[in-house]
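A closer look at the structure
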Amino acid sequence: AQSVSQHNHHVILSEAASLELGCNYSYGGTVNLFWYVQYPGQHLQLLLKYFSGDPLVKGIKGFEAEFIKSKFSFNLRKPSVQWSDTAEYFCAVNALDTGRRALTFGSGTRLQVQP
Amino acid sequence: KAGVTQTPRYLIKTRGQQVTLSCSPISGHRSVSWYQQTPGQGLQFLFEYFSETQRNKGNFPGRFSGRQFSNSRSEMNVSTLELGDSALYLCASSSKISGTDYEKLFFGSGTQLSVL
């Protein structure tokens, strides 16, 4: 079964700092990859997704992620964070050829941006 | 368009009781999935329904069950509650059942279940 690892559980940054959140998955077949974000008091929402094509995908609010197949990674980046980026970030994978429609989520990274 | 609606928002139950949670998907969405979110385990897939049929099931015991109605609304039931069932239960809906757009899930705010 596939699994997703997010090694940073809690990240604290100052505004304008650059962000990179790590995400690694374990599955050898074809995958779709996602980053979801959960702002305080709000529901989970899609930040960006990778299905195929350009491995560098851009999402909302200036976020981007790069799929590196050889490293089984899908790291999330943002050049300059804002206080409003304080949230919990979840990486997720869907293994396409398992015949099973279900997202496997990482345990999440709590990002705290200090003004 | 209204989002995914889950009721109730909070529930407190005692061990051994059973509970039913409700989810109304976005209008027109026919696929409904359920996830359990806990601080230790993160989000874990429970099951997915489409057209009143369970299509996928996660690795949860049989105490966890669900169903979907003809109007796509879904319920999740947990019988014989245990302390470890305390969690945020999230429902998500999707408009497509095949192709790449399936995985664009729209989540509700969840039902926070506390088992005492």
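Residues numbered from 1 in each chain as written. Chains lettered and ligands numbered in written order. Predicted model: local features only at pLDDT ≥ 70, side-chain atom pairs only at ≥ 80, totals over all residues. Heavy atoms only, no water.

Geometrically, a pair of aromatic rings is defined through the distance of the ring centres and the angle of the planes. Residue and element names in this part refer to chain A. Taken as a whole and judged by the stated rule, the model has 16 aromatic pairs over all chains. On the numbers, 5.7 Å between centres and 75 degrees between planes, the contact of Phe34 with Phe51 is edge-to-face. Within this pair, whereas Phe34 is found in strand β5 (residues 31-38), its partner Phe51 is found in the loop between β6 (45-50) and β7 (56-58), the two being separated by 17 residues in sequence. The residues Phe34 and Phe51 share a single accessibility class, namely buried. (Phe/Tyr/Trp six-rings, centres within 6.5 Å; stacked < 30°, edge-to-face > 60°. Helix = DSSP H or I, 4+ residues; strand = E, 2+ residues; numbered from the N terminus. Buried < 20%, exposed > 50% of the residue type's maximum accessible area, 1.4 Å probe, protein only.)

Our focus in this paragraph is the pairing of strand β6 (residues 53-57) of chain B. Residues and elements named next belong to chain B. In this sheet, β6 lies alongside strand β5 (residues 42-50) in antiparallel orientation, the contact comprising 4 bridges. Bridging from a neighbouring strand, Glu48 pairs with Asn56 of β6. The hairpin turn running from β5 into β6, its antiparallel successor, is 2 residues long, and Ser51 in that turn takes a positive phi close to 50 degrees. (Pairing = 2+ DSSP bridges.)

Taken as a whole, this structure holds 10 salt bridges over all chains when the rule is applied. A salt bridge links Lys58(A) to Glu64(A), with the nearest nitrogen and oxygen atoms 2.9 Å apart. The buried category is assigned to Glu64(A), whose relative accessible area is 18%. As a salt-bridge pair, Arg63(B) and Asp85(B) come within 2.8 Å of each other at their nearest N and O atoms. (Salt bridge = Lys/Arg side-chain N within 4 Å of Asp/Glu carboxyl O.)

Residues and elements named next belong to chain B. The antiparallel open sheet is built from 4 strands, whose spatial order is β1-β3-β8-β7. Each end of this open sheet is capped by a strand with a single partner; those strands are β1 (5-7) and β7 (64-68). Mean inter-strand twist for the sheet, computed between neighbouring axes without regard to direction, equals 20 degrees. (Axes fitted to C-alpha atoms, helices over the stretch in contact; angles between N-to-C directions.)

For the rest of this paragraph, the subject is unusual backbone geometry. The residue after Thr7(B), namely Pro8(B), is reached through a cis peptide bond having omega -10 degrees. Tracing the chain through its elements places Pro8(B) in the loop between β1 and β2 (10-13). Backbone geometry places Lys61(A), a non-glycine residue, at a positive phi of 60 degrees. Its location among the elements puts Lys61(A) in the loop between β7 and β8 (64-68). Positive phi outside glycine occurs at Phe72(A), with the angle close to 50 degrees.

Attention now moves to the nonpolar core. Core analysis: the largest hydrophobic core is formed by 30 residues, its most contacted members being Leu33(A), Trp35(A), Leu48(A), Phe74(A), Leu76(A) and Tyr89(A). If you tally residues by element for this core, the top one is strand β10 (residues 87-95) of chain A, at 5 residues. Here Leu33(A) is in contact with Tyr25(A), Leu48(A), Lys49(A), Tyr50(A), Phe67(A), Phe74(A), Ala92(A) and Val93(A), once residues within four sequence places are set aside. Of all hydrophobic cores here, the second largest spans 21 residues; its members include Leu11(B), Cys23(B), Ala87(B) and Tyr89(B). (Core = buried A, V, L, I, M, F, W, Y, C linked by side-chain atoms within 4.5 Å. Contact = heavy atoms within 4.5 Å.)

A few words on the state of the cysteines. All names here are of chain B. Applying the stated criterion across every chain, the model contains 2 disulfides over all chains. A disulfide bridge connects Cys23 with Cys91, and the sulfur atoms are separated by 1.8 Å. Here Cys23 and Cys91 share a disulfide; its torsion about the S-S bond, -60 degrees, makes the bridge left-handed. Here Cys23 is found in strand β3 (residues 19-24), whereas its partner Cys91 is found in strand β9 (residues 87-94), with 68 residues between them in sequence. (Disulfide = S-S within 2.5 Å.)

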